[in-house]
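A structural walkthrough
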Amino acid sequence: MMVVAADLLGKTAFWGIGFCLIVVSAAAGASNGANERLNIWPMPKSVSHGHHSLYLSDGFELKTDGSTYLDGSGILKDAFSRMVEVIRGTHAVDGNVVAGFNQSHVLKGVHVVVLSANEELQHGIDESYHLTVPDIGSSLYAYLRAQTVYGALHGLQTFSQMCQFNFTSRAFEVHQVPWTVLDQPRFAYRGLLIDTARHYLPLPVIKKVIDSMTYSKLNVLHWHIVDTQSFPLEIPSYPKLWDGAYSSSERYTVGDATEIVRYAQRRGINVLAELDVPGHAQSWGVGYPKLWPSKDCQQPLDVSSDFTFKVINGILSDFGKIFKYKFVHLGGDEVNTTCWTSTPRIQKWLKTRRFDGQQAYQYFVLRAQKIALSHGYEIINWEETFNNFGSKLSRKTVVHNWLGGGVAQQVVAAGLRCIVSNQDKWYLDHLDATWDGFYSNEPLANITQPKQQALVLGGEVCMWGENIDASDIEQTIWPRAAAAAERLWTSPENLANDLSKVGGRLAHFRCLLNQRGVAAAPVSGYGRDAPDEPGSCHLQ
């Protein structure tokens, strides 16, 4: 049995992984000098480091012998290549820089062992990893062990943050060796919403957002595809739906959507598709006017027409061929039933069923849920559905909180699952919301019973698109989303209560994002603020 001592926050605990036992004691890096800061984001569960440096070999390589996982689709190989690219892409290096160095100071590569051959990406997969980087004169390879390839991807991301360019030697180094990291996420659902209905986002922009998510270990891209303003996605079952796009060039083909899902999956990110019904759907009627209550009153979708639900069924059938995540988001928020109660033929339908507008709203949501369930989906709905008729919702419903605090408590007390996105803290379009509020927002606030805590799947930051497009999306998301990402990944005992100790690390991470080509805004100030004056990236 191998025993490794790791220092963390003055507490003693034990974690087992395979045949390894990790003993945690003392304060992180305490023996390494008070001026050394642990610049890894998000903070791992257990970590220790030293004060030496190793140089990356010019031929830095990936080894996978001994792994059950054969990487037939190349997920691990591609991730390793991306990691090397982001490390080495920060500076130009000519020739074989480390060829003449003392070879006991040169790290030859990363030896990765993945224990499961299964590449399926779904909610709740094992994302843990164990990473060690040797000291000078020890093994010439870092060692990364994970249950799944997706845990290994997180480990590679952590390793990449240990590396920096040495301006004296003109080589890339791994600083603060030896390292021992044992890590796993606190929550299984760590999401970011993008909105392609308020402004169209080109495919390369969405891919770049996905890449940036991996750096802070977010793992769900919530794609709010359609809304009142536009319907940009091709639906083969109802091909006129995308007539509701802004223009013929601002659309996504089935191939585009499939590529987004493929691209995200290879980076460990699930894509959650949202079909917001019955409100937020005026654009549907551009191609199919029968979906409108009337020509002059165009949303919510016509509750009285079977055609409405046939279209929903067709869309979800097509979704099943593209989106592989077990959840689908059915919206259900901000439903104004005036068009139903003021349209004569729908009034007649309501009267026949003895429905008022509120009861018709419930009928619509529950019927849409049944359609989704018939396609094998579990359902996410915005919190208004729970607030209005929570006891009627399918038990496979996940309630998505957004209006404010306290809702998650009520949802889990009722035995339903919840995702937290309360708008006062985790809405990125609120430009006056600063990073410290994102960091401090606790999904389990006032939820103390373990069974109820387990019903909180995690949380999500929301990048609504009314005032963002391809020109400013990155600096509006980052670095504030990273603050929430640490809250969702890192164990509560490792989260900082003193935010003054977080700001420097977050500034470092923001500069790292910039180095990797992500247009993250300064940490100081509000969402997407420009720098105030000349100065170091680390002080903005």
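For the structure itself, look to the data block above.
Computed from a prediction, not measured in an experiment: that's the story for all the values here. In this convention, every chain numbers its residues from 1, walking through the sequence in written order. Per-residue local features of the predicted model are confined to residues with pLDDT of at least 70, and side-chain atom pairs are confined, for both listing and counting, to 80 or more; whole-chain, interface and lining totals are unaffected and use all residues. Working from all heavy atoms in the structure, the side-chain values ignore hydrogens and water.

Moving on, we get to the nonpolar core. Counting residues in each nonpolar core, the largest one holds 108 residues, and the members touching the most others are Leu241, Trp284, Phe319 and Phe323. Numbering of helices and strands runs from the N terminus; a helix is a DSSP stretch of H or I covering at least four residues, while a strand is a stretch of E covering at least two. In terms of residue count, the dominant contributor to this core is helix H9 (residues 357-374) (8 residues). The contact criterion used throughout is that any non-hydrogen atoms of two residues lie within 4.5 Å. Each residue touching Phe323, except ones within four places of it in the same chain, is listed here: Trp223, Ile225, Ala257, Val261, Val271, Ala273 and Tyr377. In terms of nonpolar packing, the next biggest core, distinct from the first, is built from 42 residues, Leu56, Ile75, Ala146 and Val149 among them. Residues grouped as a nonpolar core are buried Ala, Val, Leu, Ile, Met, Phe, Trp, Tyr and Cys residues, joined through side-chain atoms within 4.5 Å. Relative accessibility thresholds used throughout: buried, under 20% of the residue-type maximum; exposed, over 50%; partly exposed, between the two (1.4 Å probe, protein chains only).

Read from one edge to the other, the open sheet built from 8 strands follows the order S4-S11-S7-S8-S6-S5-S10-S9, with strand pairing classed as mixed. Either end of the sheet is taken by a strand with one partner, and the two such strands are strand S4 (46-48) and strand S9 (163-166). Averaged over all neighbouring strand pairs, the angle between strand axes comes to 30°, with direction disregarded. Here strand S7 (residues 129-133) runs beside strand S8 (residues 141-146); their pairing, made up of 4 bridges, is antiparallel. DSSP calls a pair of strands paired once it identifies at least 2 bridges connecting them. Orientation is described by axes fitted as lines to C-alpha atoms, over the contacting stretch for helices, and by angles from 0 to 180 degrees between their N-to-C directions.

Further remarks concern helix H6 (residues 306-319). Any helix carries an expected span of 1.5 Å times its number of residues minus one. With 14 residues, H6 should reach 20 Å at 1.5 Å per residue; the first-to-last C-alpha distance of 20 Å fits that figure. Counting buried positions over the 14 residues of H6 gives 10, a clear majority of the element. All buried positions along H6 are accounted for by Phe307, Thr308, Phe309, Val311, Ile312, Gly314, Ile315, Leu316, Asp318 and Phe319. In this fold, the buried residues of H6 make contact with strand S14 (270-274), helix H5 (284-287), strand S15 (327-329) and H9. Two N or O atoms form a polar contact when they lie within 3.5 Å of each other; inside protein one atom must be a possible hydrogen donor and the other a possible acceptor, and for residues adjacent in sequence the pair counts only when both atoms belong to side chains. Where H6 begins, one side-chain oxygen reaches toward the backbone nitrogen of Phe307, 3.1 Å away; that side chain belongs to Ser305.

Their axes nearest at 10 Å, the elements helix H1 (residues 75-88) and helix H2 (residues 149-161) cross at an angle of 10°. It follows that H1 is roughly parallel to H2 by the angle criterion. Contact residues: Ile75, Leu76, Ala79, Phe80, Met83 and Ile87 in H1; Val149, Tyr150, Ala152, Leu153, Leu156, Phe159 and Ser160 in H2. All residues other than Ala, Val, Leu, Ile, Met, Phe, Trp, Tyr, Cys, Pro, Asp, Glu, Lys and Arg, Gly among them, are scored as polar; the first ten of these are nonpolar and the last four charged. Taken together, the residues of the contact of H1 with H2 break down into 12 nonpolar, 1 polar and no charged. Any angle that falls under 35 degrees is termed roughly parallel, while one over 145 is termed roughly antiparallel, one within 65 to 115 roughly perpendicular, and all others oblique.

Put simply, the second largest pocket is a space of about 410 Å³. Along its surface, the second largest pocket is lined by 23 residues, and Arg82, Val86, Asp211, Thr214 and Tyr215 are the ones closest to its centre. A breakdown of the residues in the lining of the second largest pocket according to their chemical character gives 9 nonpolar, 7 polar and 7 charged. Think of a 1 Å grid over just the protein atoms. A cavity is a set of points where a 1.4 Å probe fits yet cannot get out, a pocket is an open set with protein on both sides within 12 Å along at least five of seven lines, and lining residues have an atom within 4 Å of a point. Grid points are joined across faces, edges and corners, and a volume is the space filled by probe spheres set on the points.

Quick look at the state of the cysteines now. Two cysteine sulfurs form a disulfide in these notes if their separation is within 2.5 Å. This structure, assessed with the given rule, holds 2 disulfides. Through a disulfide, Cys297 is tied to Cys339; the S-S separation comes to 1.9 Å. Its S-S torsion of approximately -90° makes the covalent link between Cys297 and Cys339 left-handed. Of the two residues, Cys297 is situated in the loop between H5 and H6 and Cys339 in helix H7 (residues 338-341); the sequence distance between them amounts to 42 residues. Each member of the pair, Cys297 as well as Cys339, is classed as buried.

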